[in-house]
Amino acid sequence: MMTISKPDIDSKVKRDNAKPSRPASRAIGCRRLFAVACLALSLICVVPIVLTSPGLHWHIDNYVRPPIITPAPASKESDVIAFTCAKYGEYPRNRLFILYSDGSGLRQINQHHFKRYGHISWSPAGTWFVLSAKNIAFNLWGTASNEIYRVRFDGLEVRRLTYDHYHAFFPHWSDDDGSISFVSIKGISFRGIHQISVNGDEISQTDNPHIEPRFWAHPFAWSSDNQKYAFSPYFFVAYGSNPDGSDLQELEEMKDGIQGIEWSPNNEQILYYDSYDKLIVYNVKTRMEDFSLNMDVTLNARWSPDGKWIAIVGQAENVNSGIYLYLLDVRSGDIQKVIEDDIEIRSSISWSPDSEWIAFSNYDNLFGDEDKYTGRMFKIKRDGTALQQLRELDCRIGQLSWSPT
């Protein structure tokens, strides 16, 4: 029988005491893991709130990196066309560009690759424009909101005007150059109509209890003086002049959802259309339709600045196929195809300030070693002559907006 000496017994006891107990070690590990998980969860919850805080962004924009204030020039070299450009695979992001109406001077504005731009509106003199923009980088947390930015025509000055957790859409620069109006939306709920000064100071906010959340939908249109508005709750159009919505009027219901709405330059008529049925011009003074046009397809329609014409992207009734550019004479109701060449229009359109030219774009999908869009911008005279290609870019061109002067 083997015996163990006392020194050996003492050393074994010391070794056993020196070993940490396994349950205690596991408890410490669990506590550490729990602490790390709580810290990570706190960061996930807090960081988005901090990064998207309107107050933080305001201080950064005004003190950390204040905007460069560039004196506005007395005149521009030429009319300017602002537009967005979305590269293949970058949706919902896009980029913002400006271009002189002769095709020169292409410039990308605010080269931020995580933005989505839309709803461009020019100042009366054409020196500035406002638009809504959304930072897609924050979409991971669902905290990104659309804000209003003011941009100089040459891109040398970009200034954020709104700082809010709510979405700001449809900015419109009034024709008296005194204010910028926009609508505020929370989720799918209409919050109200806002007006701010051209420098970003808030002037007023009006709640609109008469527009129920279930009635709120796109699109939305301002009159040129910002005194009237019209919008579409799905299948009909509502319009009014009181910001609180107390005088809302509803127009005839249409078969398909309303695709677009626009006020006439004199603010007396509303142009609205659905995708696969009709285009209607309604007179708000007589409260009657001036005329109704049957269309097989209507994707876009824009009133000329002089109010005499409507440019239409679509497919006229009884045309076999193809989406083309048409011109509607508002006085007679006659419609004719502007471009005889088979150039399909696949994006937006915009009028020159003298109502003589129409800018439009199309694009092709190119699949191969590198999938991409090839977008082209054109302009053509109202009578269908002098077709010119202004630019070709590796992106889908949209949101065309020609400066007023």
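These remarks concern the structure in this document. (Residues numbered from 1 in each chain as written. Predicted model: local features only at pLDDT ≥ 70, side-chain atom pairs only at ≥ 80, totals over all residues. Heavy atoms only, no water.)

## With respect to the pattern of salt bridges
Pairing is possible between side chains that carry opposite charge, provided their charged atoms lie close to one another. Going by this rule: A pair is scored as a salt bridge if a Lys or Arg side-chain nitrogen falls within 4 Å of a carboxyl oxygen belonging to Asp or Glu. Under the DSSP-based scheme used, a helix requires at least four consecutive residues in state H or I and a strand at least two consecutive residues in state E, with every element numbered from the N terminus. Relative accessibility decides the category of a residue: with a 1.4 Å probe and only protein chains considered, values under 20% of the type maximum give buried, values over 50% give exposed, and everything between is partly exposed.
Evaluation of the coordinates by the stated rule reveals eleven salt bridges. For Arg160, the salt bridge identified is with Glu147, shortest N-O distance 3.5 Å. Of this pair, Arg160 sits in strand β7 (residues 158-160) while Glu147 sits in strand β6 (residues 146-152); the two residues are 13 residues apart in sequence, bridging distant segments of the chain. With respect to burial, Arg160 and Glu147 carry one shared label: buried. Close ionic contact of Glu157 with Arg150 constitutes a salt bridge, the shortest N to O distance being 3.0 Å. Accessibility expressed as a relative area gives 6% for Arg150, which makes it buried.

## Description of the pairing of strand β24 (residues 357-366)
Under the convention used in this document: Pairs of strands are assigned from DSSP output, requiring at least two bridges between the strands.
Counting buried positions along β24 gives seven out of ten residues, so the element sits mostly inside the fold. The pairing of strand β23 (residues 349-351) with β24 spans three bridges and is antiparallel. Counterpart to Ile349 in the pairing with β24 is Phe360. Remark: five residues form the turn of the hairpin made by β23 and β24, two consecutive strands paired antiparallel; Ser355 in that turn has positive phi of roughly 65°.

## Regarding the sheet that holds β23
One key point about sheets: their strands pair by backbone hydrogen bonds, in either a parallel or an antiparallel sense. Put simply, the rule reads: Under this scheme, a helix contributes an axis fitted over its contacting stretch, all axes are lines through C-alpha atoms, and angles between N-to-C directions fall in the 0 to 180 degree range.
An order of β23-β24-β25-β26 is seen for the four strands of this open sheet, with the pairing classed as antiparallel. In the strand order of this sheet, the two ends are held by β23 and β26 (388-393), each with one partner. Shown here is a sheet whose adjacent strand axes are inclined to one another by a mean of 20°, direction ignored. Bridge count for β24 against strand β25 (residues 372-381) is ten bridges, and the pairing is antiparallel. Looking at the pairing, Ile358 lines up with Ile380 of β25.

## Topic: the nonpolar core
Spelled out, the test is: Buried residues of nine kinds, namely Ala, Val, Leu, Ile, Met, Phe, Trp, Tyr and Cys, make up a nonpolar core once their side-chain atoms join them within 4.5 Å. Here a residue-residue contact requires only that any non-hydrogen atoms of the pair lie within 4.5 Å.
Counting residues in hydrophobic clusters, the biggest one holds 17 residues, and the most contacted among them are Leu325, Ile339, Ile345, Ile349, Ile358, Phe360 and Ile380. Going through the elements one at a time, β20 (309-316), β21 (324-329), β23, β24 and β25 are the ones with two or more residues in this core. With near-sequence residues (within four places) excluded, Ile345 lies in contact with Val313, Ile323, Tyr324, Leu325, Ile339, Phe360 and Ser361. Within the second largest apolar cluster, 16 residues are counted, among which are Val281, Trp303, Ile310 and Tyr324.

## Describing the state of the cysteines
We apply this condition: Any cysteine sulfur atom paired with another within 2.5 Å is treated as part of a disulfide.
Using the criterion set out here, one finds one disulfide in the structure. The disulfide partner of Cys85 is Cys395, and the gap between their sulfur atoms is 1.5 Å. The chirality of the disulfide connecting Cys85 with Cys395 is right-handed, given an S-S dihedral of about 45°. Separated by 310 residues along the polypeptide, Cys85 in strand β1 (residues 80-86) and Cys395 in the loop between β26 and β27 (396-402) bring together distant segments of the chain.

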